[in-house]
Amino acid sequence: MDYCDFRDLVTCSGENTTAVLIRELNRFLDQAAKPKPPVIWFEANACSGDSISLFNAAGPGLEQILSSIIDLRYSNALMAAEGPAAIEELAAAATANAGVFVLVVEGAIPVAARGRYGIVSWRGPMGTAGDAVTVASIVEWLGSLAGSVVAVGTCATHGGPSAARPNPSGSLGTSAALGRRDVINVTGCPAHPDWTMATLAHLLMYGPPGLDRWGRPTLIYGDTVHRHCQRRSYFDRGEFATGPGRRECMFEAGCVGPVTHSDCPYRQWNSYVNWPVKASTPCIGCTTPEFPDGSTPFFAPLPVKRPGSPPGGHKEGIRV
C-alpha cells in the first residue's frame, strides 16, 4: 500500500479501517520478511477503558489483531500471571527486546509522594527488593529500553481524568513524566480501536507519523468534530438545542466540538453505529489535552466553561 492510499484509508474511511489495515500489514510483513513487532502494553493508573475499547474492535476482532499484527509480550489484562511472576515476565520481555519493542502506555503516571499513589510491586524488574516499585519507575525503566513509545488514551497522553483538579496524586501524561517529546499520543477517553491500530500500522510501515503540537497523529486529529458534524447545518442556521435529547446543534448545550480534534462524526463507535452527538448529547471533548477540566461544566456553553476562549465561540467554530 503506498502512502497516499494509507492516508486516504485512515482519513476518509470509517467502517472496516482496521480490517484493511491488518490485511495490508500482513502483506507488508510478508514482503519485508519481518517478524511481528513485539509490543508491551503497560497499564498505569487507569480504568482499563482503552484496553476494553481495543478488545471491542470489530471486523476483525481482538483475536485476529493479536494473531496477525502484533506480538504482544505483556499485558496485565490478558496474561494469566500476576504478582512477582508477572513482573518477571515484564522484565524478560523488555530486556529480550530492548531497542525494538513498542511500549504502549495506558493510564496516567502519578509522581507525587515519590510515586506511591501507584505501587506495582515490592520487587523490581531489575531484581531489587524491599522498596516500593512504582508506576513511575516502571514506565521510566521501560521507556529507556523501548524502541518507540505510544501513549493510548487521554490519561496516558495528558493526564486526563486521573489528573483532574485537584490532582492529589500529581498524575502526568507519559511524555511529561518521561521528559521526552517523541511520545506518540493517541488521545480519547477511551481511544477508538481504529486510532490505536492506525497509529501502530503507520509506525511499522512508514515510521513515526506526523504529529500536531500535542503529539497526536495529524491523520487522525487533523480536523475538528465540528467540521464533520452531522448537525453542522443547524449551527450554520443558528438553531441550537436547549439541552440533550433534541435534534438541533448541541453548541449551547455544552458541545466542545469546535475545539475538539477527532474524526468521531464519521468514524463512530460501538461497531461504527453511533457517537455522542448522533445520540443527542454534546461532545465533551475527550480527545483534547484539557479534558476533563476544560470541558466542565459539561452542559455549559464553551465560552462559559473556557473563559479564555473568545466570546465569538461560534465564529471560532466556523473557522475550524
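Basis of the calculations
Residues numbered from 1 in each chain as written. Predicted model: local features only at pLDDT ≥ 70, side-chain atom pairs only at ≥ 80, totals over all residues. Heavy atoms only, no water. Helix = DSSP H or I, 4+ residues; strand = E, 2+ residues; numbered from the N terminus. Rg over C-alpha atoms; globule rule 2.2 N^0.38 Å. Buried < 20%, exposed > 50% of the residue type's maximum accessible area, 1.4 Å probe, protein only. Contact = heavy atoms within 4.5 Å. Areas by Shrake-Rupley, 256 points an atom, 1.4 Å probe, with all protein chains shown as cover. Lys, Arg positive; Asp, Glu negative; His and termini not counted. Charge placed at Lys NZ, Arg CZ, Asp CG, Glu CD. Axes fitted to C-alpha atoms, helices over the stretch in contact; angles between N-to-C directions. Parallel < 35°, antiparallel > 145°, perpendicular 65-115°, else oblique. Left-handed = near helix turned anticlockwise from the far one by under 90°. Core = buried A, V, L, I, M, F, W, Y, C linked by side-chain atoms within 4.5 Å. Patch = residues over 30% accessible without salt bridge, like charges linked within 9 Å, V, L, I, M, F, W, Y side chains within 5 Å. Salt bridge = Lys/Arg side-chain N within 4 Å of Asp/Glu carboxyl O. Pairing = 2+ DSSP bridges. Expected span 1.5 Å × (residues − 1). Arc of directions from axis to C-beta.

Draft legend 1. Structural context of the overall build of the chain. For the chain, the helix and strand inventory stands at 15 helices and nine strands. In terms of C-alpha radius of gyration, the chain reaches 20 Å, essentially the compact-globule figure of 20 Å for 320 residues. On the principal axes, the C-alpha backbone points of the chain span a range of 65 × 50 × 30 Å. For the chain, buried positions account for 52% of its 320 residues. Taking the intrachain contacts of the chain between residues at least 6 apart in sequence as the baseline, contacts between residues at least 24 apart amount to 71%. For the chain, the computed accessible surface area is about 14,000 Å², with 53% contributed by carbon and sulfur atoms. The positive charge centre, built from 26 side chains, and the negative charge centre, built from 28, are 6 Å apart in the chain.

Draft legend 2. Expanded view of the side chain of serine 175. When you line up the elements, serine 175 lands in helix 8 (residues 174-178). The residues contacting serine 175, other than those within four sequence positions of it, are Arg180, Arg181 and Val183.

Draft legend 3. Just the packing of helix 5 (residues 84-96) against helix 6 (residues 135-145), in detail. Running from N to C, helix 5 and helix 6 cross one another at 25°; their axes reach a closest spacing of 9 Å. Looking at the two axes, helix 5 sits roughly parallel to helix 6. When the axes of helix 5 and helix 6 are compared, the crossing they make is left-handed. Contacts from Leu90, Ala91, Ala94 and Thr95 in helix 5 reach Ile138, Trp141, Leu142 and Leu145 in helix 6.

Draft legend 4. The arrangement of the nonpolar core in detail. Grouped together as the largest cluster of nonpolar side chains are 42 residues, with contacts concentrated most on Val150 and Trp195. Listed by contribution, the elements that provide at least two residues to this core are helix 1 (3-12), helix 2 (17-32), strand 1 (38-43), strand 3 (102-106), strand 7 (148-152), strand 9 (184-186), helix 9 (193-206) and helix 10 (218-221). In contact with tryptophan 195, other than residues within four places in its own chain, are Val186, Thr187, Gly188, Pro190, Ile220, Tyr221, Ser262, Asp263, Cys264, Arg267, Trp269 and Thr287. Judged by nonpolar contacts, the second largest core, of 24 residues, contains Ala44, Ala86, Phe101 and Val105.

Draft legend 5. Up close: a nonpolar patch on the surface. A grouping of Ile284, Phe298 and Phe299 is seen on the molecular surface, where their side chains present a nonpolar patch of about 270 Å² in accessible area. For phenylalanine 298, the position within the fold is in the loop between helix 13 (264-267) and helix 14 (302-305). Using a relative accessible area of 31% as the deciding quantity, one classes phenylalanine 298 as partly exposed.

Draft legend 6. Seen up close, the sheet that holds strand 9. One open sheet accounts for five strands, arranged 2-1-3-7-9; its pairing is parallel. Strands with a single pairing partner mark the edges of an open sheet, and in this sheet they are strand 2 (71-75) and strand 9. Strand-to-strand twist of the sheet, defined as the mean angle between neighbouring strand axes without regard to direction, takes the value 20°. With four bridges joining them, strand 1 and strand 2 adopt parallel strand pairing. Residue pairing for strand 2: isoleucine 40 is matched across the bridge by tyrosine 74. Sheet strands in contact with helix 5 are strand 1 and strand 2, and its direction is about 140° off that of strand 1.

Draft legend 7. The pattern of salt bridges, seen in detail. Inspection of the entire model under this criterion finds 10 salt bridges. The salt bridge involving arginine 216 is made with aspartate 212; its shortest N-O contact spans 2.9 Å. Overlapping salt bridges, with partners in common, bring together Asp194, Asp263 and Arg267 in one network.

Draft legend 8. Fine view of helix 5. Taking 1.5 Å per residue as the helical rise, helix 5 with its 13 residues ought to reach 18 Å, and the 18 Å between its terminal C-alpha atoms agrees with that figure. When we look at burial in helix 5, the residues that qualify are Ala86, Ile87, Leu90, Ala91, Ala93 and Ala94. Along the long axis of helix 5, the arc covered by the buried residues comes to 165°, so they all point the same way. Away from its buried face by more than 90 degrees, helix 5 exposes Pro84, Glu88 and Ala96. Looking at the buried positions of helix 5, the neighbouring elements they touch are strand 1, strand 2, strand 5 (119-123) and helix 6.

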